[in-house]
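# A structural walkthrough
In case you want the letters, here they are:
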Amino acid sequence: MNSGSRAAVAVRGRPLTWHRVQRMIAPYVFISPGVVFYLMVTIIPMVWGFWISFHKWSIIWPAHPWVGLGNYTALLSEDLFWTSLRNTAIYTAGVVPVEVAVALMVALLLNTRLRGRSFYRLLYYLPVVTPLSISAVIWQWIYHPHVGLFNWVMRLLRLPTHDWLQEIGTAMLAVIIVAIWSGVGYRMVIFLAALQGIPQTYYEAAMIDGAGRFALFRYITLPLLKPATLFVLVTSIIGSFQVFSIVNVLTQGGPLDSTHVVVYYIYKRAFGDLQFGLAAAMSFVLFAIILVVTAIQWKLIGREVSYE
Amino acid sequence: MTRKMRRIFAFSIAALLVVGIASGVVLAKKTTIVHWQHHSPARKEMVEAFAAEFMQKNPDIDIQIESIPETDYFQKLLPALAAGAGPDTFQIPAGQVSSYAATGVLQPISPKVTTAAQIEADFVPSAVKRLKMGADYYGFPVDTQTIVLFYNPELFKAAGLDPAKPPQTWAELIEYAKAIHKRDANGVTTQMGVATGGYGPVLASLMLQNGASLWNSATDLPDFSSPAAAEALKFATDLVTEYKVEDRQMGSRWNAFRQSKLGMVFAHPAMIGSFRATVPDLVYNIAQIPAPKPGGPRTTLLTSWAYVVSKKAPSEAASKWIAYLTSADAQKRWITKTGDLPTRKALLDLPEYKNDRLLGPCMESMKNSVPAPWTTRRLDDELLRKAYELVILKDESPEKAMKWLSEEAIKAEKEQKALAKP
């Protein structure tokens, strides 16, 4: 035993037995399958993707010449990338605030002693578990210019009708509405769980002090929902920046790129045009944007959050 | 454990090992071909039936089929090929065969199965032109499609038109479409005259008919800048904006045709299979697409996929399998089940096809077909439609839209060429 080991044993005051070694190693052994899996499906592909972004990389071509920052500078002249980025920002601005607000309202409503609330909870959660391919078909009929529900309502209200998915001015709005419809249920569940975690005694004490309904919401519910709100906001914004499936099934980026979003563009450049190096560079630009936006949210809201 | 039991145990293990090795040897004699293709129920059923017959005729070959949804197809295929773990035979767009072959992931058709000279003797030139690199062919054509005009004879009759005389020229097409198109008192379309859908291969066919070559052989790049191409785009967009006989507010043109709410639609013959499966009672006819002027050419763009053999595949068995899938007998069955056009010369003039109300015009369209000269898939799938939308949604002039299309097409094609020659 060298002097260092002797010192360690001396500090603990007990000899390093096999049993103690086992106890030290055991936690790492238990988490190792998870760590290995996470490394395999997240960390290594991420590092690999970063490496690819510095190469001219067509997946099936055996040679992958190094191009340095070439793919990143090439992005500057990719007009459609910037259009897609702008569309993604519009999509995020349209989806996140409404989705969060509606989810909170529904959660508040379903947290009351409403008759049949389990049924309503199920109803609001249904879009989350409905396969997008099926909901897309339903929404295509709802948006149908002649026989669709939307235009029927528009006609009732004597408002102009639209070809919702085929007009430049309405296609993104149509996509945003479907995204909100399909995303509210999941966020509602999180708010609902957080609402049920607020002790009833706080409300009782406030009511004794004469607080009204709005005061209860403003001074008890809202502050105590901050951790859940932060979580919902951060995950909603990340999810919105990564939107793909809804666009893929409803509009394929059209008409005239008005619903072309970043991840859809990355997918097309990679698997359609075999430009994997360029697509990887786009992914890392998107990653950087999401990181900055999340950091800003954390800075603005995160420090006000108390988990006690 | 007694000594006797130990002996029995040891003997059993040894016997199991011997049987295992022996059966392994027997199985090893069988060549396995893993076949991937993008999914459609009819296509899957067909290929599975072909595989069963092929394995019966070739008991030493085992075919394993994987039918993958088209949206996921390349996401699975490309990484698998890159990892060297891909299928032995698979399908890719015919225009991309040269790119794939240049990367070394494909091998040519085995000369033991058929020779280049034989392929050229048997197949329609436009169907195999994009499958040759150097002196070798790298695949057999499949899912071969032209553009034809489907029309509803009942709507023709109701509009006072003769169903036996489909439109022969663009001017006639407009005239017919006007006669069929109906609106209600509020001006809402209740029955549509004609639809192109702004679909890329339809637009390219109209341009080719009108004399645009779409390819600059000097630069070896796409060229959409000719006045003939702009004129063809104007014809297609005028149907929407000027004559108003195509109304995008009618929604899916296929649904409209199925419901007898659309008089004429430009489409691939594959829609025969789709209509047969979804609306078996629908009455419709097929004609070659009308020419720009009387007696003009009926040229149509030929789009196809190709069955190819991967580098790692057992050459002869894999080539034999895809040759079987595209044999004359197989092509006869493809056309009846899925509407895939035959590409073997001998089949085009068979009386049962030539005299068929639906298949006759499709066979003629094969003879007038020209393969897409470009490699990039963006042209068919995306860029042509965008040029069309620039005119109908943004009021751009057809000339300006074609200038934009030319620039984008050249950029996309150059990118694909650069990939094939790093």
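The structure presented is a predicted model; accordingly, all values stated were derived computationally and were not measured. (Residues numbered from 1 in each chain as written. Chains lettered and ligands numbered in written order. Predicted model: local features only at pLDDT ≥ 70, side-chain atom pairs only at ≥ 80, totals over all residues. Heavy atoms only, no water.)

### Description of the overall build of chain B
- The number of helices and strands found in chain B is 19 helices and 16 strands.
- With the C-alpha coordinates aligned to their principal axes, the bounding extent of chain B is approximately 100 × 50 × 45 Å.
- Each of the 422 residues in chain B was classed as buried or not, and the buried ones make up 54%.
- Restricting to contacts in chain B with at least 6 residues of sequence separation, those with at least 24 account for 74%.
- Computed over 50 positive and 44 negative side-chain charges, the separation of the two mean positions in chain B equals 7 Å. (Helix = DSSP H or I, 4+ residues; strand = E, 2+ residues; numbered from the N terminus. Buried < 20%, exposed > 50% of the residue type's maximum accessible area, 1.4 Å probe, protein only. Contact = heavy atoms within 4.5 Å. Lys, Arg positive; Asp, Glu negative; His and termini not counted. Charge placed at Lys NZ, Arg CZ, Asp CG, Glu CD.)

### Describing the side chain of His146(A)
- Along the chain, His146(A) falls in the loop between helix H6 (132-142) and helix H7 (149-156).
- Judged by relative accessible area, which is 18%, His146(A) ranks as buried.
- Setting aside chain neighbours within four positions, we find His146(A) in contact with Arg155(A), Val188(B), Thr189(B), Asp247(B), Gln249(B) and Met250(B).

### Regarding the packing of aromatic side chains
- Within this structure, the stated rule accounts for 37 aromatic pairs over all chains.
- Between Phe81(A) and Trp82(A), the aromatic rings sit 5.3 Å apart at their centres with planes inclined by 75 degrees, giving edge-to-face as the arrangement.
- For Trp82(A), a relative accessible area of 39% puts it in the partly exposed group.
- Among the aromatic residues, those joined into a cluster by ring pairs are Phe50(A), Trp51(A), Phe54(A), Trp66(A), Tyr72(A), Phe284(A) and Phe287(A).
- For Lys76(B), the ring lying beneath its charged end belongs to Trp36(B), and the centroid distance is 5.4 Å. (Phe/Tyr/Trp six-rings, centres within 6.5 Å; stacked < 30°, edge-to-face > 60°. Lys NZ or Arg CZ within 6 Å of the ring centre and 35° of its normal.)

### Looking at a nonpolar patch on the surface
All names here are of chain A.
- The grouping of Tyr28, Phe30, Ile31, Val35, Tyr38, Leu39, Ile43, Ile44, Met46, Val47, Phe287 and Leu291 at the surface amounts to a nonpolar patch, some 1,200 Å² of accessible area in total.
- Breaking the nonpolar patch down by element, the ones donating at least two residues are helix H2 (18-52) and helix H14 (276-300).
- Of the residues forming the nonpolar patch, the biggest block, 10 residues, is contributed by H2.
- Positionally, Ile31 belongs in helix H2.
- The class of Ile31 is partly exposed, set by a relative accessible area of 48%. (Patch = residues over 30% accessible without salt bridge, like charges linked within 9 Å, V, L, I, M, F, W, Y side chains within 5 Å. Areas by Shrake-Rupley, 256 points an atom, 1.4 Å probe, with all protein chains shown as cover. Salt bridge = Lys/Arg side-chain N within 4 Å of Asp/Glu carboxyl O.)

### Remarks on the domain arrangement of chain B
All names here are of chain B.
- As assigned here, chain B comprises domain 1 (30-144 + 304-363) and domain 2 (148-301 + 372-420).
- The centre of domain 1, based on its C-alpha atoms, is set 28 Å off from the matching centre of domain 2.
- Counting each side, the surface lost to burial between domain 1 and domain 2 is near 1,400 Å², with a carbon and sulfur contribution of 53%.
- Summed over the three residues of domain 1 that lose the most area to domain 2, namely Arg130, Leu358 and Pro361, the buried surface amounts to 32% of that side.
- Counting only elements with at least two residues in the side of domain 1 that touches domain 2, the list comes to helix H4 (97-103), helix H14 (328-337) and helix H17 (359-367).
- Here the side of domain 1 that touches domain 2 is composed, by residue class, of 10 nonpolar, 6 polar and 3 charged. (Domains from an automatic or database assignment. Buried area = accessible area lost by both parts, 1.4 Å probe. Nonpolar A, V, L, I, M, F, W, Y, C, P; charged D, E, K, R; others polar.)

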